[in-house]
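Structural characterization, general
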Amino acid sequence: MLPNKKGKGSPQVKLVCKVKVKNIQGLHTRPATAIVKILQNSKSDVAFTHKRETVNAKSILSILLLAAKKNSLITITVDGEDADETMNRLVSAFDGCFGEMNK
Amino acid sequence: MTQKDVEIHLKGISISRGIGIGKAVFLSPEKEYIPNFKVNTKEVESEVLRYRRAITRGCDEINLLQNQLKKEKITEGVDILESYMQMMQDPLLTVGVENSIRQSCRNAEQVFYETINFYQTRFSKIIDPFFRERFKDIQDVSKRILSFLKESYRVSLADIPEESVVFAYDLTAIEVAEANITKISAFITTSGGISSHAAIVAKAKGIPYVTNIHLEGLEICSDAIAIVDGRTGEVFINPSEETILRYANIKKTLGIHFKLLSDCSSNRSETYDGYHVKLSANIEMSHEVNLLHEYGGHGVGLYRSEYEFLSLGKFPVEEEQFITYRRMVELMQGLPIVIRTFDIGGDKQMSCYPNKLETNPIMGCRAIRFLLQERDLFKSQLRAILRASIYGDVSILFPMISALSELHEAKQIFYEAQEELLHAGVPFSRNISIGCMIEVPSAAIISDLLAKECDFLSIGTNDLIQYSLAVDRSNQLISGLYTPTHPSVIRLIKLIVNEVNHQGIPVTVCGEVAADPRFTSLLLGLGVHELSVAPRHIPIIKNAIRSASIVDATALAEKVLTLASANEIQELLNEAYYQLVPDDCIYNC
């Protein structure tokens, strides 16, 4: 699902950022769960793009279907009133390997 | 193995007596059966709602499991369950499936199944085996959702063709309750105990029912003629000319016998030496009251109030309950009615109260225990009954009391309900009798204490037997141990009746034992003055009462109390009944 413009009064911000998957096992069930939980209360539309496939990041099934291994590059697109905060939380979660040990 | 035109003779366990002849119809015999049907555009939103409820129940279940694991500090398990939770709430499975249901107008199971299949195909195309394997978790989640859907999915037995012999793996009480008796000749299931609620409803409706029949390989006999002998537990598929003739004759004799009995509805229910017995009816749905009037019953001895609402999946508010009870009381035309408060839990689950994952629900939070925890619900029912009481002769019965304190607590809530109505100026009858069910051994043993604080007692033999003998009445492995003639059961009934007669309050026997004419003399001999049975059993029990004498009945009871085994007692009762009513071919066979 691509981010679409909403005609609401609140400021619409669209942010795009590229991140690297650092987890050894890639974006498997546990990180995918963490992502969906982070986005649970986000008011923005969030999409992940990997290898020309773009999916709704709020869907755990869709994230798993990306089959993103370690060192994959993911383009995150956040579009909505809380885009800033949402993007920050996502990027730091990716950086912190979603709390998984990473040796 | 099975050949299409050879007579197949099967033997199961008889649940409901009578002879059924009809065409074999199989309900979902396959293990992974996914129902697939079109949904009316008007009903599509309720189908969406049914799906949403299954998801909610799935989430509730995971939540409970998570809390349990948290307590046990199994964090890894909690994490896995968190993933399951997120999968259940995945927009592809929530909004996605809901929209597909709306667009395709097909049932939730089918749409959900197709959706899962679609993602299974997509996962199977992932090259990396590690990610391909992730589908297993989704499969696990989808199985749970499907099972919750199936629970709420009810095969409408009302839509079945005429003269069907219904074969199913299992039947719920609600399914049987909805069955159209004019269309269904018999029920046959693989599982289901003799005293399950489905069995009680089948008996009350007079539908022959045989269980413990394995369905594997029988499906090809769909549409074949089937004969069910609910007396012996025999089932014949593709019966020979000879078998058909034999059963057609038995059926005819039974019909004549029953017609004779029901013609005597105006006769008094008393022994031929003048001992009067009150013969009342157990009722689940209001329409059954007609039969009670037709057969000349004394009133309703047990109104199982939860049945009217079970199929709704939730309890209606006080006002709706009031309307139901008032209609019920008015239908009684002045005859007394005993309303038993909701008996929920155990094997009667309400989908609005998610399974609390009890490992032993039969011994768990059911009946009065449930009501004392859900006080608002309990009080709303008591208020509704109180309000309906001005339209007739109403008594209230508390189910499954096991200690005096429970009776006190229940009565306290009853008084509060009275107070509230009094303050609000809502009229109600001031002399409502209050009684409690004696269906737990602890209650039987303290029946003297309970009798002092009640206006009447009611013995529920089904549960009393199950709890006394520690035999789960729905467990097939031990169904042979469920013996109503066990000396301990007879002694308990004797104990209760003695105490109650001593206090001078009435006692009713309202379990299945009361509806079995072979027990009638014994119960009268033990000192029971009132029996309550499903309306359609009134003629046969009245006949048993009228054929008996209280002198012989007392002697029989004394004799029974000297016997040491269930078998001996059963044989004696069979023999005594045969002597009294030799032409009853339902029970003498």
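Residues numbered from 1 in each chain as written. Chains lettered and ligands numbered in written order. Predicted model: local features only at pLDDT ≥ 70, side-chain atom pairs only at ≥ 80, totals over all residues. Heavy atoms only, no water.

Counting 127 residues, the largest nonpolar core has Phe187(B), Ile337(B), Phe378(B), Phe398(B), Cys436(B), Leu457(B) and Leu531(B) as the members making the most contacts within it. Formed by 64 residues, the second largest nonpolar core is a distinct cluster that contains Val44(B), Ile101(B), Phe135(B) and Phe148(B). (Core = buried A, V, L, I, M, F, W, Y, C linked by side-chain atoms within 4.5 Å. Buried < 20%, exposed > 50% of the residue type's maximum accessible area, 1.4 Å probe, protein only.)

This part is about the interface of chain A and chain B. Contact residues are listed per partner, giving 22 residues for chain A and 19 residues for chain B. Joining chain A to chain B, the criterion identifies four salt bridges. Of the charged contacts, one joins Glu82(B) and Lys37(A) as a salt bridge, the two residues approaching to 3.7 Å between their closest N and O atoms. For the side of chain A that touches chain B, the residue count by class is eight nonpolar, nine polar and five charged. (Contact = heavy atoms within 4.5 Å. Salt bridge = Lys/Arg side-chain N within 4 Å of Asp/Glu carboxyl O. Nonpolar A, V, L, I, M, F, W, Y, C, P; charged D, E, K, R; others polar.)

So, on to the confidence of the model for chain A. When pLDDT is averaged across chain A, the result is 86; 86% of the residues are at 70 or more. This model gives residues 1-9 of chain A a pLDDT under 50, and the stretch forms 17 contacts once residues within four places in sequence are excluded. (pLDDT = per-residue confidence, 0-100.)

The subject of this paragraph is the pattern of salt bridges. Residues and elements named next belong to chain B. On inspection of all chains with the given rule, the structure shows 28 salt bridges over all chains. Taking the shortest distance from any N to any O, the salt bridge between Arg326 and Glu330 comes out at 3.0 Å. Taken together, the residues span about one helical turn, with Arg326 and Glu330 both in helix H12 (residues 318-331) at a distance of four residues. Overlapping salt bridges bring together Glu318, Glu319, Lys379, Arg383, Arg387, Glu416 and Glu420 as one network. (Helix = DSSP H or I, 4+ residues; strand = E, 2+ residues; numbered from the N terminus.)

This part is about the sheet that holds strand E13 (residues 433-438) of chain B. All names here are of chain B. An order of E9-E10-E11-E12-E13-E14-E15-E16 is seen for the eight strands of this closed barrel, with the pairing classed as parallel. Here the average twist between neighbouring strands, direction ignored, is 25 degrees. Where strand E15 (residues 507-509) lies against strand E16 (residues 530-533), two bridges are found, and the strand directions are parallel. Paired with Thr508 across the bridge in E16 is Glu530. Docked against the sheet, helix H15 (residues 404-424) engages strand E12 (393-398) and E13, running at close to 140 degrees with respect to E12. (Pairing = 2+ DSSP bridges. Axes fitted to C-alpha atoms, helices over the stretch in contact; angles between N-to-C directions.)

Residues and elements named next belong to chain B. Within the open sheet, the eight strands sit side by side as E1-E8-E7-E3-E4-E5-E6-E2. Their pairing is mixed. The open sheet has two edge strands, strand E1 (8-11) and strand E2 (13-16), and neither has a second partner. Ignoring strand direction, the axes of neighbouring strands in this sheet form an average angle of 30 degrees. Where strand E5 (residues 184-189) meets strand E6 (residues 209-211), two bridges bridge the pair, whose relative direction is parallel. Pairing of Phe187 across the sheet is with Tyr209, part of E6. Running at roughly 115 degrees to strand E3 (residues 19-27), helix H9 (residues 241-262) makes contact with E3, strand E7 (225-229) and strand E8 (234-237) of the sheet.

A separate point is the confidence of the model for chain B. When pLDDT is low, close inspection of the predicted coordinates is not appropriate. Averaged over chain B, the pLDDT score is 88; the fraction of residues at 70 or greater is 92%. Model confidence for the complex: the whole-complex pTM is 0.66, and ipTM, which rates the interface, is 0.85.

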